[in-house]
Amino acid sequence: MNIKPEIITINNQNLADFPEVICFINKNQPSHSLKTEWLKERLEEGLRIKLLFVEGKKNAAGFLEYIPGEFAWRAVTAKHYMLIHCIYIYPNANKNKGLGTLLIEECISDARKNNCSGVAVITGKRAFMAENTLFIKMGFQPAGNDGTGNELLVYKFNDGPVPVINDWKSQLANYRGLHIVYTRQCPWVARMVEEFKESDLQKRLNIDITELKTPEEAQNAPALYTTFSLIYKGKLLADRYISTTRMNNILKKEKLI
């Protein structure tokens, strides 16, 4: 690798110094502060954020977010593991240079220092999810899937119990009618939901909107990837951030508008 990377750990003391932590949302957007407050609470629970910078570049080239499994914001049981929430390398020119490997190695090292049993991650081939290729190359092993294209991978340090995907599908029965279930983990979702609350469409449909506010609620969410879910009569229509146009198309298909 011809570049010299630097990895910075984000905490409540330096959070304001690194705006890229808030996923490219303008700091004047209300959702910026919503995500900031969410992060401050999670950092107290042990959330780790690592930013990777390459020599000569001002903006971060890599981002990694992970947390002790007991506090995971995914529908998994991952006690004694570190669970990776999110990883990305940006822009494309920085990809395939080993930067993602460095960030994952940072997480693995941290997990060992904290006497964890290993590291876990949810992967997928759809938007906003890391694919499994890099993790498999680094020694992660499949530990389950949810039948919708999402896969649980684990990197084990010992022969103890491995993380499992919780039965999120059974939770869907609790959501009759039309629902949005979300967290403030993604500022783009938070912005979309806040705007939708005031929209003409919401005034017409009166969708039941529920924010998951604790790790326990997230681990018992009606979707594995808990950031955003659109549910109708116990059926999961979308399980990640969608545009207003995409929302309208889904609702038209269900003959709701």
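Residues numbered from 1 in each chain as written. Predicted model: local features only at pLDDT ≥ 70, side-chain atom pairs only at ≥ 80, totals over all residues. Heavy atoms only, no water.

Chemist: Hey, could you go over the overall build of the chain for me, with residue numbers and the actual values?
Modeler: A tally of helices and strands in the chain yields eight helices and 13 strands. For 257 residues, the compact-globule estimate of 2.2 N^0.38 gives 18 Å, and the C-alpha radius of gyration of the chain, at 18 Å, lies within 12% of that figure. Dimensions along the principal axes, computed over C-alpha positions, put the chain at roughly 55 × 45 × 30 Å. A gap of 6 Å separates the mean positions of the 34 positive and 28 negative side-chain charges of the chain. (Helix = DSSP H or I, 4+ residues; strand = E, 2+ residues; numbered from the N terminus. Rg over C-alpha atoms; globule rule 2.2 N^0.38 Å. Lys, Arg positive; Asp, Glu negative; His and termini not counted. Charge placed at Lys NZ, Arg CZ, Asp CG, Glu CD.)

Chemist: Give a detailed account of the side chain of threonine 227, specifying residues and quantitative values.
Modeler: For threonine 227, the location among the structural elements is in the loop between helix H7 (215-219) and strand E12 (228-232). What threonine 227 contacts, discounting residues up to four positions off in sequence, is Arg74, Val181, Tyr182, Thr183, Gln185, Cys186 and Val189. (Contact = heavy atoms within 4.5 Å.)

Chemist: Before we move on, can you summarise the pairing of strand E3 (residues 62-68) with the specific residues and values?
Modeler: Counting buried residues in E3 gives seven out of seven residues, a clear majority hidden from the surface. The pairing of strand E2 (residues 48-54) with E3 spans five bridges and is classified as antiparallel. Considered in E3, the bridge of arginine 48 is made with tyrosine 66. (Buried < 20%, exposed > 50% of the residue type's maximum accessible area, 1.4 Å probe, protein only. Pairing = 2+ DSSP bridges.)

Chemist: Could you give an account of helix H8 (residues 244-253), naming the residues involved and the relevant values?
Modeler: Taken together, the buried positions of H8 are Met247, Ile250 and Leu251. Projected down its long axis, H8 shows its buried positions confined to an angular sector of 95°, all on one face. Exposed and facing more than 90 degrees away from the buried side of H8 are Thr245, Lys252 and Lys253. On its buried face, H8 sits against strand E10 (178-182), helix H5 (187-197), helix H6 (200-205), E12 and strand E13 (235-238). Count one or two residues on from H8 and you reach lysine 255, which has phi positive near 60°. (Arc of directions from axis to C-beta.)

Chemist: Residues and numbers for the nonpolar core, please.
Modeler: With 23 residues, the main nonpolar core has Ile84, Val119, Phe135 and Phe140 as its most contacted residues. A total of six residues in this core trace back to one element, the largest contributor, which is helix H2 (residues 99-113). Residues in contact with phenylalanine 140, not counting those within four places in the same chain, are Ile104, Ile108, Val119, Val121, Phe135, Leu153, Val154 and Tyr155. Among the nonpolar cores identified, the runner-up in size contains 20 residues, and Ala72, Leu152, Leu212 and Leu224 belong to it. (Core = buried A, V, L, I, M, F, W, Y, C linked by side-chain atoms within 4.5 Å.)

Chemist: How would you explain the sheet that holds E10 if you had to name every residue and give the values?
Modeler: The strands that make up a sheet are held in pairs by hydrogen bonds between backbone atoms, and each pair lies either parallel or antiparallel. Read across the open sheet, the four strands follow the order E11-E10-E12-E13; overall the sheet is mixed. Edge strands, defined here as strands with exactly one partner in the open sheet, are strand E11 (208-211) and E13. Here the average twist between neighbouring strands, direction ignored, is 25°. In terms of strand pairing, E10 meets E12 through five bridges, oriented antiparallel. When the bridges of E12 are listed, leucine 178 appears paired with tyrosine 232. (Axes fitted to C-alpha atoms, helices over the stretch in contact; angles between N-to-C directions.)

Chemist: Now, about the sheet that holds E2: what can you tell me, with residues and values included?
Modeler: The mixed open sheet is built from seven strands, whose spatial order is E1-E2-E3-E5-E6-E8-E7. Since the sheet does not close on itself, it has two edges, and those belong to strand E1 (5-10) and strand E7 (141-145), each with one partner. Strand after strand, the sheet turns through a mean of 25° between neighbouring axes, direction not considered. Pairing analysis gives six bridges linking strand E6 (residues 118-123) to strand E8 (residues 151-156), with the strands arranged antiparallel. Bridge assignment links glycine 118 to a residue of E8, and that residue is lysine 156. Here helix H1 (residues 30-45) sits on the sheet in contact with E1, E2 and E3, set at roughly 50° to E3. Here H2 sits on the sheet in contact with E1, E2, E3, strand E5 (81-89), E6 and E8, set at roughly 160° to E5.

Chemist: Explain the side chain of serine 199 to me, and be specific about the residues and the numbers.
Modeler: By the secondary structure assignment, serine 199 is in the loop between H5 and H6. At a separation of 2.7 Å, a polar atom in the side chain of serine 199 contacts the main-chain carbonyl oxygen of phenylalanine 196. Polar side-chain contacts of serine 199 include one of 3.1 Å to the backbone nitrogen of glutamine 202. (Polar contact = N/O pair within 3.5 Å; in protein donor to acceptor, adjacent residues only side chain to side chain.)

Chemist: I'd like to hear about the layout of surface pockets, residue by residue, with values.
Modeler: Leftover empty space is mapped by rolling, across the atoms, a probe with the size of a water molecule. Of the pockets and cavities examined, the largest pocket occupies roughly 1,200 Å³. Lining the largest pocket are 41 residues, with Ile87, Tyr88, Ile89, Met129 and Ala130 sitting closest to its centre. Every element with two or more residues in the lining of the largest pocket is listed here: E3, E5, H2, E6, helix H3 (133-137) and H5. A class-by-class count of the residues in the lining of the largest pocket yields 24 nonpolar, 10 polar and seven charged. Estimated volume of the second largest pocket: approximately 180 Å³. Lining the second largest pocket are Pro19, Glu20, Phe24, Phe53, Lys58, Asn59, Ala60, Tyr88 and Tyr90. (1 Å grid on protein atoms, 1.4 Å probe; cavity = no way out; pocket = protein on both sides within 12 Å on 5 of 7 lines; lining within 4 Å. Points joined across faces, edges and corners; volume = space filled by probe spheres on them. Nonpolar A, V, L, I, M, F, W, Y, C, P; charged D, E, K, R; others polar.)

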